[in-house]
Amino acid sequence: MKTLLSALAMCAMVQYAIAGATVPIIETQTASNRHVSVTAVTDNIIKVTNTSANEQPKPSQLILTPLGSADADVTENNAFKTVTTAAGLSARLDSRTGAVTISGTNGHGLYDDGHRGRDTQGNRTLNLLPLDNTEVFYGGGERGYTLNLANDTLVMYNRQNYGYTDGDPRIKQMNITMPLLLSPNGYAILVDDYSAAELTTGKPLHYASESPDDISYYFISSPEGFAKLPGQVSTLTGRQALPPFWSLGYITSKYGYKTAAETDSVVNALKKAGYPLDGIVLDLYWYGKEADMGRLDWEPSQWGDHRKLLAGLKKKGVNLTAISQPYVLRNGKGIDNYREMSAKGMFGKDSVGGVKNVEIWVGEGGMLDVSNPDTRIWLRERYKRLTDEGVTGWWGDLGEPEKHPEGMYHANGLTTRQYHNLYGNDWSRIIHDLFKEEYPGTRLMTLMRGGTIGLQRYSVFPWSTDVSRSWGGLQPQVRIMLNSGLSGLGYMSHDVGGFAIDKENPIDPELYVRWLQLGTFSPILRTHSQEYAEPYHYPAQQHIILPLIKARYQWLPYNYTLAYENTTQGTPLVRPVGMYETEPAAFDGIDDQYLWGRDVMIAPVIRQGARSRQVRLPSGAWVDYNNPSRIIQGDTTITVEAPLETLPMFVRAGALIPKAMYRMENTLQYNPADYTVEYYPVPGQEPSATSFTIFEDDRTSPSSLEKNEYALVRLDADNTPATINLSASVSGTYPGIPLRRTITFMLHNVAKPLNVTATEKVKQHYDAATRTLRVTVPRWNPSTPLSVTVTKQ
């Protein structure tokens, strides 16, 4: 009894200040001598920390803090303390046991019994019981084996899976793992941990970690449901900065271009064939041969005057990204770097402080200890020199790390299994901080395939690594993009065409076309393979392939707006089919199609020989993008024809899709003064009024949002029984904003109008064969809102 009274006496209800904000917190010291604190971090986020009484929680490596203030009340009732936010999220703390009951909006919640222990392997354990009846969880980082992660065990230890395919059990555990689950019921659970761990997603959720420290977790509630949940999660984990505009174009890559002459010839061949091109990626041959890994310098016998090459590519509008790896080998031309860094203690060490050498497929050497400040400085200086010479983007390969031997010790005091998952974050941060401090006017693209929660904060564009060039390789890519995107990795993409070839069957034109169709509507369009990566290797399919890559550029206004939504709201570019539905979980089995933004549905063909497929449509009316006269009432499953030339696509009734319908050789030729807006009205559509807002800025500045140097072009449409009313207006400004604009409205599947009037001079044309009305305003002055009225017959 004395112990219990002592524990109760130590229970406190306090508020502490962070950066001038008051953060409500309730805490107690339990009868079992543990200190439990419950913090209302925001109105929609609760943090629970449960530590041994003599331990102090360590600052998080994953979470953004401080976050600001929560509007919350703290109350006491007998042995319970409760914190309740203005949004209706509450947490009740039992001061005797440390048990926490969280009650969220929309009827969801979580129970934590307060017990912390260790399993038979000595791992720290945590049990959490969701209080709703959910059987669906998404996220977990990069997971390709299924979309719904419920009732399974997720290993939290980054792993490379060369040549993987659908059904391969290895892809339960991929290159970027995160202890993060999102429920379609509108809440998420995030464990603040990066050590090797396992998360069992049954009831209760069971987490077992090799962390040397006690573990905190967060309960994240979205009062507006699943659609806004990624935004709430990214309040904690961070959001990615606006991408380099060129990264949204077409990028060519191969393992690998070996000389300056070959690189230049590939670029010239693509341009000669009429392909727009914005980037080229150099694999490991830029520094010589495979065994020269860690050299981080150009091989003059292969690349001659590399500065001249880089300048020439820039002149053609092509940005070069170069590979680097976490290993410095001693069996090649990296030997001088190996000797220097070994002597200065910059590699991972063994138990007695010597270099813990790593053997990989091309040799042996040291592994960069990116937790070591000296290593970080050394690597930063190399990246800076090479960037100054003209390298535009960086590729961090093998960053799981692929080979990370047991028994390695790092400068931050962590062992192999404690540091492994965080390695990619720390490596990415070196490049991110370099660009932020040395190139403050340049946006960054870093390709990285390893890391954990918060990786997106470092301008990382992850990809699903060395996938098999096969139909089995294509099939899990939608799932990977969906789970990764919900986990914060909005730019997760894939090696379009497939990387790991079957040497006996290296070319499959049908597969290449289908993969490119998916890639055209993926966050990054980058073809990459061991052989036959470039589209001109498929001459019989050029009539399909070339228009696809050109379409990538036509969709730039829409796609750049999706990037803006990702940066400002945390919303992924690739979204689950049920994201905006009343019951999102009803669509959890749909893992081979997705929403591209809110209003466009992509249903790629991923089966060999298929010329049709089933498509599940969400609620509301939908228009067949390839045949706008076909209107389908949603919440149904249909079969659509899909000849090789056709990517099945659908748009919501009333959708407004802005496009750039002019020829571009690269994104430098993008012109925000010229939009074509495709509009898809449906008779009797509900709601009759729809809108879309285009994001604009100078497309180069990393700080356009912070400086308010951007504009929003608001498009509105109202399809009434008598008229179709269209309007456009511009708010905001930025350097170089167009003073005059051309805007064309393309109205699909409409009857010939009785009349068209506008606040500006217009040109109109009606095509009876396609039932398409084209209305062009050639010199709109955006200082005045534009209004167009189409009067129906």
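Cut-offs applied
Residues numbered from 1 in each chain as written. Predicted model: local features only at pLDDT ≥ 70, side-chain atom pairs only at ≥ 80, totals over all residues. Heavy atoms only, no water. Phe/Tyr/Trp six-rings, centres within 6.5 Å; stacked < 30°, edge-to-face > 60°. Helix = DSSP H or I, 4+ residues; strand = E, 2+ residues; numbered from the N terminus. Buried < 20%, exposed > 50% of the residue type's maximum accessible area, 1.4 Å probe, protein only. Pairing = 2+ DSSP bridges. Axes fitted to C-alpha atoms, helices over the stretch in contact; angles between N-to-C directions. Contact = heavy atoms within 4.5 Å.

Draft legend 1. The arrangement of the packing of aromatic side chains in detail. Following the criterion strictly, the structure yields 30 aromatic pairs and no others. Centroid distance W286 to W394: 6.5 Å. Interplanar angle 65°. Geometry classified as edge-to-face. With W286 in the loop between β20 (279–282) and α4 (300–303) and W394 in strand β25 (residues 393–396), this residue pair connects regions lying 108 residues apart in the sequence. On the basis of relative accessibility, which here comes to 0%, the residue W286 falls in the buried class. Ring centres of Y564 and Y710 lie 6.4 Å apart, and the angle between their planes is 45°; this geometry places the pair in the tilted category. One end of the pair, Y564, is in helix α14 (residues 556–569); the other, Y710, is in strand β39 (residues 710–719), with 146 residues separating them in the sequence.

Draft legend 2. Spotlight on the sheet that holds strand β36 (residues 656–659). Reading across the sheet, the five strands line up as β36-β37-β41-β44-β43 and stay open at both edges, with mixed pairing between neighbours. Two strands in the sheet have a free side with no partner beyond their single neighbour: β36 and β43 (763–767). Within the sheet, the average angular offset between the axes of one strand and its neighbour, ignoring direction, is 15°. Strand direction decides the pairing type here: strand β37 (residues 674–679) and strand β41 (residues 741–747), joined by six bridges, are parallel. Its bridge partner lying in β41, Y675 is registered against I743.

Draft legend 3. Focus on the sheet that holds β39. Strand order across the open sheet formed by five strands is β38-β39-β40-β45-β42, with antiparallel pairing between neighbours. Each edge of the open sheet carries a strand with a single partner, namely β38 (689–696) and β42 (755–758). Pairs of neighbouring strands in the sheet enclose a mean axial angle of 15°, with direction left out of account. As paired elements, β42 and strand β45 (residues 786–791) share four bridges and run antiparallel to each other. Residue pairing across strands places T757 opposite T789, the latter belonging to β45. Against the sheet, α14 engages β38 and β39, with an angle of about 80° to β38.

Draft legend 4. Molecular detail of unusual backbone geometry. The omega torsion of the bond from Y255 to G256 falls at -10°, within 30 degrees of zero and hence cis. Structurally, the position occupied by G256 is in the loop between β19 (250–254) and α3 (260–272). A cis geometry characterises the amide bond from E686 onward to P687, with omega recorded as 0°. One can find P687 in the loop between β37 and β38. Positive phi is not limited to glycine here, since Y532 has a value of about 50°. In this structure, Y532 sits in the loop between β27 (525–527) and α13 (542–554).

These figures come from the coordinates and say nothing about function on their own.
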